[in-house]
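The primary structure of each chain is shown beneath.
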Amino acid sequence: MDFKDLMDGYESISRDFPLSQYAISIVHGKMKPADKDAEMKRFSEGKTNIMVATTVIEVGVNIPNASVMIIESAERFGLSQLHQLRGRVGRGAEQSYCILMTSHKLSNDSKTRMETMCRTNDGFEIAEVDLKLRGPGDLMGTQQSGILTLKIADIVRDKDILLLARHQAVKLLKDDAPMEKPEHATLRAVFIELSKKTTIWNYIS
């Protein structure tokens with residue numbers, strides 16, 4: 001899918017920026033590392049004017065003279081990936097732009113992602129919105145998104161309480177890790193009971 005989109009994009013851009021006047025680089029994940037590096041170098045040195053690429057460029061690419069990025073089908077990407085991609089431009093002294101192209105029909109989540117990208121460059125704010133949209137996933141397993149089924153707590157809304165609870169837990173582990181002190185007897189009993197269950201995360205409240 002990505003490779004097909006890439007070649008369609010290359011052909012489209014070649015029509016508007018004819019090869020007789022412009023040089024265009026192509027970069028995608030199926031290329032050999034040496035070939036990718038060569039294309040990056042050509043673009044960095046100004047030997048090519050335009051680079052058409054898949055998301056393989058989202059990390060580890062530093063081309064300061066790149067000043068305009070267009071992301072097609074931006075609604076297909078998560079906030080973190082869009083933020084990483086946008087970070088490939090604006091690395092030099094030139095005023096830079098990132099243009100997000102989407103389809104006409106967007107879900108509410110997609111609209112929120114686009115609005116967030118247009119509103120802020122703050123990585124922390126973007127990560128917080130991303131967490132609200134996708135959910136934190138499974139704390140113990142491999143699921144990377146979805147709703148965390150806590151009885152009462154909300155991992156985003158209750159951030160301050162979460163930090164306070166963590167502070168108290170760290171303090172307890174330093175002072176009395178086995179929870180043998182009399183004042184920790186109830187806590188120890190509850191922990192032992194919950195530990196018998198396959199997962200205890202949905203009992204957190």
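Residues numbered from 1 in each chain as written. Predicted model: local features only at pLDDT ≥ 70, side-chain atom pairs only at ≥ 80, totals over all residues. Heavy atoms only, no water.

Draft legend 1. Molecular detail of the overall build of the chain. Scanning the chain from terminus to terminus reveals seven helices and four strands. Walking the chain from its N terminus toward its C terminus, one meets helices and strands in the order α-β-α-β-β-α-β-α-α-α-α. By the burial criterion, 27% of the 205 residues in the chain qualify as buried. By sequence separation, contacts in the chain at least 24 residues apart represent 54% of the contacts at least 6 residues apart. (Helix = DSSP H or I, 4+ residues; strand = E, 2+ residues; numbered from the N terminus. Buried < 20%, exposed > 50% of the residue type's maximum accessible area, 1.4 Å probe, protein only. Contact = heavy atoms within 4.5 Å.)

Draft legend 2. Layout of the pattern of salt bridges. What the rule picks out here adds up to six salt bridges. Lys171 serves as the salt-bridge partner of Asp175, at 3.5 Å between the closest nitrogen and oxygen. Of this pair, Asp175 and Lys171 both sit in helix 6 (residues 159-176), four residues apart, roughly one helical turn. Exposure remark for Lys171: the relative accessible area of 43% places this residue in the partly exposed category. (Salt bridge = Lys/Arg side-chain N within 4 Å of Asp/Glu carboxyl O.)

Draft legend 3. Representation of the nonpolar core in the model. Counting 20 residues, the largest nonpolar core has Met40, Met51, Ile57, Ile63, Met69, Ile71 and Leu82 as the members making the most contacts within it. Breaking this core down by element, the ones donating at least two residues are helix 2 (33-44), strand 3 (68-71), helix 3 (79-86), helix 4 (108-119) and helix 5 (123-134). Leu6, Tyr10, Ile26 and Val52 belong to the second-largest nonpolar core, a separate cluster that totals six residues. (Core = buried A, V, L, I, M, F, W, Y, C linked by side-chain atoms within 4.5 Å.)

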